[in-house]
Amino acid sequence: MMNFYYMYHRSAKKWNELKAVSEILGEDILKPVRAQGTPWIDHRRKALRTLDRDYVCQVAHFQDVASGVRTDIPAGDVAKMKGYLMKMTSHEFVLHLAFYQDLVEDLAELSVSLQADNLALSAVRTNIEATTVELRTKLTKPGPRL
């Protein structure tokens, strides 16, 4: 996730190419979010949501660059995009992305609830136990994204 963030954050050309692909596909796109902004897991959740939302556009962008048809792209970038394309379109990546999103969603909800200003001390244990039950349930029953 951090590679995708830095790829589009550091290169206005690649970001503009991705926006052009999204316009062709008729999709709205969000710029990838930094997954490690603070120690709070909510940053990771936002980065995962953005990656999941913009998955089709990013794969299409990688396919465009990795095709090697365009002459304005250095060979190193073509090779890098081919590698990203292979990873992103693998079954393992899609499966792990969905599983990770399900886990992070529960943990982020717990994190947000623990940061509330008006949280009673008695509610802390209740929130932690509820999240533990949710996570244990995922061992036998897949989450909504999986």
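The coordinates are above.
All values derive from a computational prediction rather than experimental measurement. (Residues numbered from 1 in each chain as written. Predicted model: local features only at pLDDT ≥ 70, side-chain atom pairs only at ≥ 80, totals over all residues. Heavy atoms only, no water.)

**Describing the pattern of salt bridges**
Inclusion rule: What makes a salt bridge here is a side-chain nitrogen of Lys or Arg within 4 Å of a carboxyl oxygen of Asp or Glu, nothing more. Comment: elements are numbered from the N terminus, with helices defined as DSSP H or I runs of at least four residues and strands as E runs of at least two. Each residue gets one of three labels from its accessible area relative to the maximum for its type: buried under 20%, exposed over 50%, partly exposed in between, using a 1.4 Å probe on protein chains only.
Under the definition given, this model contains 13 salt bridges. In this structure, K14 and D77 form a salt bridge, with 3.7 Å as the shortest nitrogen-oxygen distance. Residue K14 is found in helix α2 (residues 12–25), and its partner D77 is found in helix α5 (residues 75–88); the two are separated by 63 residues along the sequence. On the basis of relative accessible area, D77 is assigned to the partly exposed category, the value being 22%.

**Remarks on the packing of aromatic side chains**
Heads up, the rule is: Think of it this way: a Phe, Tyr or Trp ring, Trp meaning its six-membered ring, pairs with another when their centres are within 6.5 Å, and the plane angle makes it stacked under 30 degrees, edge-to-face over 60, tilted otherwise. Charge-over-ring placement is defined geometrically: NZ (Lys) or CZ (Arg) within 6 Å of the ring centre, and within 35 degrees of the ring normal.
Under the defined criterion, the tally for this structure stands at five aromatic pairs. The cationic tip of R10 hangs over the ring face of Y6; the distance from NZ or CZ to the ring centre is 4.3 Å.

**A closer look at a nonpolar patch on the surface**
We count it as follows: Candidate patch residues must exceed 30% relative accessible area and have no salt bridge, after which like charges are joined if within 9 Å and Val, Leu, Ile, Met, Phe, Trp or Tyr side chains if within 5 Å. With residues, only the protein chains shown are counted as cover, and all accessible areas are computed by Shrake-Rupley using a 1.4 Å probe.
Taken together, L95, F99 and L146 make up a surface patch of nonpolar side chains, about 270 Å² in accessible area. Inspection of the secondary structure puts L146 in the segment after α7 (121–137). The exposure class assigned to L146 is partly exposed, which follows from its relative accessible area of 44%.

**Focus: the side chain of T131**
Worth spelling out the cut-off: The contact criterion used throughout is that any non-hydrogen atoms of two residues lie within 4.5 Å.
With respect to the secondary-structure elements, T131 resides in helix α7. Apart from the residues lying within four places of it in its own chain, the contact partners of T131 are D106, L107 and L110.

**As for the packing of helix α3 (residues 42–53) against helix α6 (residues 91–114)**
Inclusion rule: Note on method: axes are straight lines fitted to C-alpha atoms, helices fitted across the in-contact stretch only, with angles between N-to-C directions ranging 0 to 180 degrees. By the definition used in this description, the sense in which the near helix is turned from the far one sets the handedness, with an anticlockwise turn below a right angle giving left-handed and a clockwise turn giving right-handed. Put simply, Ala, Val, Leu, Ile, Met, Phe, Trp, Tyr, Cys and Pro go in the nonpolar bin, Asp, Glu, Lys and Arg in the charged bin, and everything else, Gly too, in the polar bin.
Relative orientation of the contacting elements α3 and α6 amounts to 145°, with a least axis distance of 9 Å. As for the relative orientation of α3 and α6, their crossing is left-handed in sense. Contacts between α3 and α6 involve D42, R44, R45, L48, R49, L51 and D52 from the former and F93, L97, Y100, Q101, V104, E105, A108, E109 and V112 from the latter. Tallied by class, the residues present in the contact of α3 with α6 amount to eight nonpolar, one polar and seven charged.

**Looking at helix α1 (residues 2–10)**
Those residues of α1 lying buried are M2, F4, Y5, M7 and Y8. Along its buried surface, α1 packs onto α2, α3, α4 (55–66) and α5.

**Some details on α6**
Applied cut-off: A helix is expected to span 1.5 Å for every residue after the first.
Here α6 is 24 residues long and its end C-alpha atoms lie 35 Å apart, about the 34 Å a rise of 1.5 Å per residue gives. Residues of α6 that are buried include every one of L97, A98, Q101, D102, V104, E105, D106, A108, L110 and S111, and no others. The secondary structure elements touched by the buried residues of α6 are α3 and α7.

Everything listed is a geometric property; what it means functionally is a separate question.
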